[in-house]
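# Residue-level structure breakdown
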Amino acid sequence: MNDLKLAGLTSEKSTISIEVNGVTLGGKEIILMGGPCAVESSTQMSQSAETVKKAGGKILRGGVFKPRTSPYSFQGLGREGLNYLVQAAKEQDLLCVTEVIDAQSLDLVVDKVDLIQIGARNMQNFELLKLAGKVNKPIILKRGLSATIEEWLLAAEYILAAGNSQVILCERGIRTFEPSTRNTLDLSAVGVVKELSHLPVIIDPSHAAGRRDLISSLSKAALAAGADGLLIEMHPDPTEAVSDGPQSLYPEEFVQLARELGAVAKSVNRTFTFGAPRDRETLESLRTRITNLDQSIIEQLAARMKLVRKIGEQKRLDRVKDSNREKEIVQRLVGLAEELQLPAELIKRVYSLIFEFGVQSQIKSRLAQEQDLEQTFISSGSK
Ligand code: PEP
Ligand code: MN
């Protein structure tokens, strides 16, 4: 393999480490990455991020551009999904990674995510590899479904030769004659790559197995084989996943697996720390969470006002204020608030303002409605 000028071993004959925003890949510590196959909603991503954090994971994954085998399968949420991924990662102080499939998607994500994935189906998309070589972000390069290790390393060489030295290889199963798993996890690839290259290698057991019952054992085997990290699909509710549900772990399974990884890591002289660091919630991450909550409060408030105006259109002007209905609402909400340990007084004051502005906006829209009618009447009369 003479052409592995940059991907080949350096003189120290060992894996180099890649440092990205406080996380080191290829060092002593095993890096756990997890998340759904595809980004589906903001809630799904927040829940996934919470689970990754709880397990001691460092990187949140989620596809927003999905290179699907069938053109009729879900193709990803694109820009909208990207925002969900980035926000969720930020909320939990995690890094995030997503897959790119062409120049446009690369352009769109490059400044937003911490790492970029090039998927198995694009491993030999040489133009994309060259573009990935021009960016200043680590690239997770998956092994193609039918690629030899040499082809895979040469694909990495494309990225390195174009100027990006931060490539992480990811073995994700290769196509064999065996039908009981989706693909066959080539665990020996880890050792072979480490003999030939200085690049860190991680394992994705999910796409290899295609079934969740094998993920735990394959993950442990991957660490024993010398992998530097794991990329695992996990979904808050795999039965509802739009893609790769059968291979996605339930959150509890993901956490349980992480709980067991430390001992395996230790047996091969590596480390993995289960659980979220105790002082993980920095001031910045707490503030980001508040910003997100505030935004959704405002959105909900706007949606409420819209409904209130709609109701107003159906009422007579002298019936706009309905004190009994207001009392009923407050009573119900105070009950709810007490269950959530919120002071009743807060609810009463906030809702008195909400009602006041609601009534005003109903009156305004009724008056506008009547003015419109008048105008129509005048202009039709003057014809
Ligand atoms: C994925 O990570 O969701 C994915 C599509 O993986 P692969 O390219 O390995 O099939
Ligand atoms: Mn997938």
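The structure this text deals with has already been given above.
Residues numbered from 1 in each chain as written. Chains lettered and ligands numbered in written order. Predicted model: local features only at pLDDT ≥ 70, side-chain atom pairs only at ≥ 80, totals over all residues. Heavy atoms only, no water.

## Concerning the nonpolar core
The condition that has to hold: We call a set of buried residues a nonpolar core when its members are Ala, Val, Leu, Ile, Met, Phe, Trp, Tyr or Cys and they connect through side-chain atoms within 4.5 Å of each other. Relative accessibility decides the category of a residue: with a 1.4 Å probe and only protein chains considered, values under 20% of the type maximum give buried, values over 50% give exposed, and everything between is partly exposed.
Ranked by size, the top nonpolar core spans 69 residues in total, and within it Leu-60, Ile-116, Leu-141, Trp-152 and Leu-169 carry the most contacts. Ranked by size, the runner-up nonpolar core spans 15 residues in total, among them Val-23, Met-33, Leu-115 and Cys-170.

## Examining the side chain of His-235
Under the convention used in this document: What counts as a helix is a DSSP run of H or I of at least four residues, what counts as a strand is a run of E of at least two, and both are numbered from the N terminus. Here a polar contact is taken to be a pair of N or O atoms separated by no more than 3.5 Å, where protein atoms must pair a possible hydrogen donor with a possible acceptor and residues adjacent in sequence count only if both atoms sit in side chains. Residue contacts are defined here by distance: any two heavy atoms, one from each residue, within 4.5 Å place the two residues in contact.
Note on placement: His-235 falls in the loop between β10 (229–233) and α9 (251–267). What makes His-235 buried here is its relative accessible area of 4%. Here the side chain of His-235 touches Glu-40 through a polar contact of 3.1 Å, side chain to side chain. A polar contact of 2.8 Å, which involves the side chain of His-235, links it to the backbone nitrogen of Asp-237. Excluding its chain neighbours within four sequence positions, the residues that come into contact with His-235 are Pro-36, Glu-40, Gln-44, Ala-241, Ser-248, Leu-249, Tyr-250 and Pro-251.

## Re the coordination of the manganese ion (ligand 2)
Under the convention used in this document: Here the coordinating atoms are restricted to nitrogen, oxygen and sulfur within 2.8 Å of the metal centre, or 3.2 Å for Na, K and Ca, and because water is not among them the sites may look incomplete.
Each protein donor to the manganese ion (ligand 2) is listed here as Cys-37 (SG), His-207 (NE2), Glu-233 (OE) and Asp-244 (OD); together their distances run 2.0 to 2.4 Å. Within one chain, the residues donating to the manganese ion (ligand 2) are spaced in sequence as C-x169-H-x25-E-x10-D. Here Cys-37, found in the loop between β3 (31–35) and α1 (42–55), pairs with Glu-233, found in strand β10; they are 196 residues apart in sequence, far enough to count as distant. Summarising the burial analysis for this pair, Cys-37 and Glu-233 share the class buried.

## A closer look at helix α8 (residues 215–224)
The α-helix winds at 3.6 residues per turn, so residues separated by three or four positions along the chain end up facing the same way. Put simply, the rule reads: Here the arc refers to the set of directions running from the helix axis out to each C-beta atom.
Taken as a whole, α8 has its buried residues at Ile-215, Leu-218, Ser-219, Ala-222 and Leu-223. Looking down the long axis of α8, one finds its buried residues gathered within 140 degrees of arc, a one-sided arrangement. Residue Gly-226 follows α8 closely and has a positive phi angle near 105 degrees.

## A closer look at the pattern of salt bridges
As a reminder of what qualifies: Only one rule defines a salt bridge in this text: a Lys or Arg side-chain nitrogen within 4 Å of an Asp or Glu carboxyl oxygen.
Under the definition given, this model contains twelve salt bridges. In this structure, the salt-bridge partner of Glu-127 is Lys-130, at a minimum N-O distance of 3.1 Å. One end of the pair, Glu-127, and the other, Lys-130, are both in helix α4 (residues 126–132), three residues apart, so they sit about a helical turn from each other. Of the residues examined, Glu-127 reaches a relative accessible area of 52% and is grouped as exposed. Owing to a relative accessible area of 36%, Lys-130 belongs among the partly exposed residues under this scheme. For Asp-204, the salt bridge goes to Lys-142, with nearest N and O atoms at 2.6 Å. Taken as a pair, Asp-204 in the loop between β9 (201–203) and α7 (205–209) and Lys-142 in strand β7 (residues 139–142) lie far apart in primary sequence, 62 residues in all. We classify Asp-204 as buried; its relative accessible area is 0%. Lys-142 sits in the buried class, given a relative accessible area of 3%.

## Regarding unusual backbone geometry
Its identity as a non-glycine residue notwithstanding, Asn-21 has a phi of 40 degrees, on the positive side. Non-glycine residue Gln-341 carries a positive phi angle of around 60 degrees. Mapping Gln-341 onto the fold places it in the loop between α11 (323–339) and α12 (344–381). A relative accessible area of 71% means that Gln-341 is categorised as exposed.

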